[in-house]
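Secondary and tertiary structure notes
The primary structure of each chain is shown beneath.
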Amino acid sequence: MKHHQEGSLYLHGSRLREATGKMSQLYRRIVRLDVRWSVLLHKVSVFREILRFIWERFLACSMRRPVRYRRLSRRSSFPAEEEILESGFDLEDPPTTSGNGYETDSDLVTLKISLLGDCRIGKTSFMIKYVGDEQENKSLQMAGLNLMDKTLSFGGARIAFSIWDVGGDKRSNDQVPIACKDAVAILFMFDLTSRCTLHNVLEWYMQARKYNKTAIPILIGTKFDDFVRLPPDLQWTIVTQARAYAKIMKATLFFSSATHNINVNKIFKFIMARLFNLPWSLQPNLNLGEPIIDLY
């Protein structure tokens, strides 16, 4: 009787172990199936994102309108008084505010503008295009600094721009504090055909804000005439990154070209309008393949 009970227990235990083993195998299969299904879902999700990205890129490129920019005739970059007045500027009685970057001397208002960015991105060409070739010979050059002035006269009033161009090499970093101090606007510039110069803009921005927290920040992409020759998908990437950086900096974004005088004068008009609350409306332009203006 005892042997019979032990045999029954052994048989029962054997069946239990066999059933347990089968359950373990089934569980492992279920787990493997679940893992494979999760991997498959992940691949499908990634593939879907890739398709959506390609479709959005296709839409962005398909909406691009071909634009031709002709080379402007070589002339002085000083705008005529009629040009300013037609744009809504009324400087018959300009504000005479003192301090915080403004210097008043009866009919003279001096505005200090700083230019920051890497080497060989077109800062000096941009400045010369605005002040005029004749002012280039009157510029004051120091170690790491290039200073130029431009004065606009309107009905007995004078607006004097004092433009401080900081060299982009390491030895010029010592000039950043003096260039940024009391500036009413700081132009952070990068080369549209060199993405590394765009990445460095944030470093220039953080450095400048140590010495001036109130100046109007403006992000400027130079060499637009070369930029439009890049593949559309690369243009789209650069536009997206530049707009994201401008948002971080709380800055208005301009694409410009000193060669073709694109948006050069307009940037300084924008500065004057912001400073003096002048009735001048600047229209944004976010069309791919055209000089971007993204207002903040």
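Read on for an overview of the structure. Remember, predicted model here, so these are calculated numbers, not experimental data.

Here is what the cut-offs are and how they apply
Residues numbered from 1 in each chain as written. Predicted model: local features only at pLDDT ≥ 70, side-chain atom pairs only at ≥ 80, totals over all residues. Heavy atoms only, no water. Helix = DSSP H or I, 4+ residues; strand = E, 2+ residues; numbered from the N terminus. Buried < 20%, exposed > 50% of the residue type's maximum accessible area, 1.4 Å probe, protein only. Areas by Shrake-Rupley, 256 points an atom, 1.4 Å probe, with all protein chains shown as cover. Salt bridge = Lys/Arg side-chain N within 4 Å of Asp/Glu carboxyl O. Polar contact = N/O pair within 3.5 Å; in protein donor to acceptor, adjacent residues only side chain to side chain. Contact = heavy atoms within 4.5 Å. Pairing = 2+ DSSP bridges. Phe/Tyr/Trp six-rings, centres within 6.5 Å; stacked < 30°, edge-to-face > 60°. Axes fitted to C-alpha atoms, helices over the stretch in contact; angles between N-to-C directions. Parallel < 35°, antiparallel > 145°, perpendicular 65-115°, else oblique. Nonpolar A, V, L, I, M, F, W, Y, C, P; charged D, E, K, R; others polar. Core = buried A, V, L, I, M, F, W, Y, C linked by side-chain atoms within 4.5 Å.

Let's talk about the overall build of the chain
- Within the chain, the secondary structure is distributed over ten helices and nine strands.
- The buried share among the 296 residues of the chain stands at 44%.
- Summed over its atoms, the accessible surface of the chain is roughly 17,600 Å², and 55% of this surface lies on carbon and sulfur atoms.

A look at the pattern of salt bridges
- What the rule picks out here adds up to three salt bridges.
- Ionic pairing is found between Asp191 and Lys223, a salt bridge with its closest N-O pair at 3.2 Å. Of this pair, Asp191 sits in strand E6 (residues 185-191) while Lys223 sits in the loop between strand E7 (216-222) and helix H8 (224-227), placing them 32 residues apart in sequence.

A few points about the side chain of Ser162
- Within the secondary structure, Ser162 sits in strand E5 (residues 157-166).
- Separated by 3.0 Å, the side chains of Ser162 and Trp164 make a polar contact.
- Setting aside residues up to four positions removed in sequence, Ser162 forms contacts with Thr110, Leu111, Lys112, Ile113, Met148 and Asp149.

Focus on the side chain of Asp294
- Looking at the secondary structure, you find Asp294 in strand E9 (residues 293-294).
- With residues near it in sequence (within four places) discarded, Asp294 still touches Arg243, Ala251, Thr252, Leu253 and Leu286.

Examining unusual backbone geometry
- In this structure, Lys223 is a non-glycine residue whose phi angle is positive, near 60°.
- One non-glycine residue with positive phi stands out, namely Lys250, at about 55°.
- As for its placement among the helices and strands, Lys250 is situated in the loop between helix H9 (232-249) and strand E8 (252-255).
- Using a relative accessible area of 52% as the deciding quantity, one classes Lys250 as exposed.

Observations concerning the pairing of E5
- For E5, the tally of buried residues reaches nine of ten residues, placing the bulk of the element in the interior.
- Pairing analysis gives eight bridges linking strand E2 (residues 108-116) to E5, with the strands arranged parallel. If you follow Leu111 over to E5, its bridge partner there is Phe161.

Considering the packing of aromatic side chains
- Going through the model one piece at a time under the given rule, you end up with nine aromatic pairs.
- With 3.8 Å between their ring centres and 5° between their planes, Tyr130 and Phe268 make a pair best called stacked. Taken together, the residues Tyr130 in helix H3 (residues 123-131) and Phe268 in helix H10 (residues 264-276) connect sequence positions 138 residues apart. The exposure classification of Tyr130 matches that of Phe268, with both residues buried.
- Taking 6.0 Å as the distance between ring centres and 35° as the angle between the ring planes, the aromatic pair formed by Phe224 and Phe227 counts as tilted. Placement of both Phe224 and Phe227 in helix H8 is noted, with a separation of three residues, approximately one turn of the helix.
- Judged by its relative accessible area of 0%, Phe224 is buried.

Concerning the packing of H3 against H10
- At a closest axis distance of 9 Å, the pairing of H3 and H10 adopts a crossing angle of 80°. It follows from the interaxial angle that H3 and H10 lie roughly perpendicular. Across from Phe126, Lys129 and Tyr130 in H3, the residues of H10 making contact are Val264, Asn265, Ile267 and Phe268.
- Split into classes, the residues belonging to the contact of H3 with H10 amount to five nonpolar, one polar and one charged.

Topic: the nonpolar core
- Counting residues in each nonpolar core, the largest one holds 36 residues, and the members touching the most others are Ile113, Phe161 and Leu187.
- Of all the secondary-structure elements, those providing two or more residues to this core are E2, H3, strand E4 (145-154), E5, E6, E7 and H10.
- Of all the elements, H10 adds the most residues to this core, at nine residues.
- Apart from the residues lying within four places of it in its own chain, the contact partners of Phe161 are Leu111, Ile113, Tyr130, Met148, Asp149, Lys150, Leu152, Phe268 and Met272.
- Ala208, Val239, Ala242 and Ile292 belong to the second largest nonpolar core, which has 34 residues in total.

Just geometry here; none of it tells us what the structure is for.
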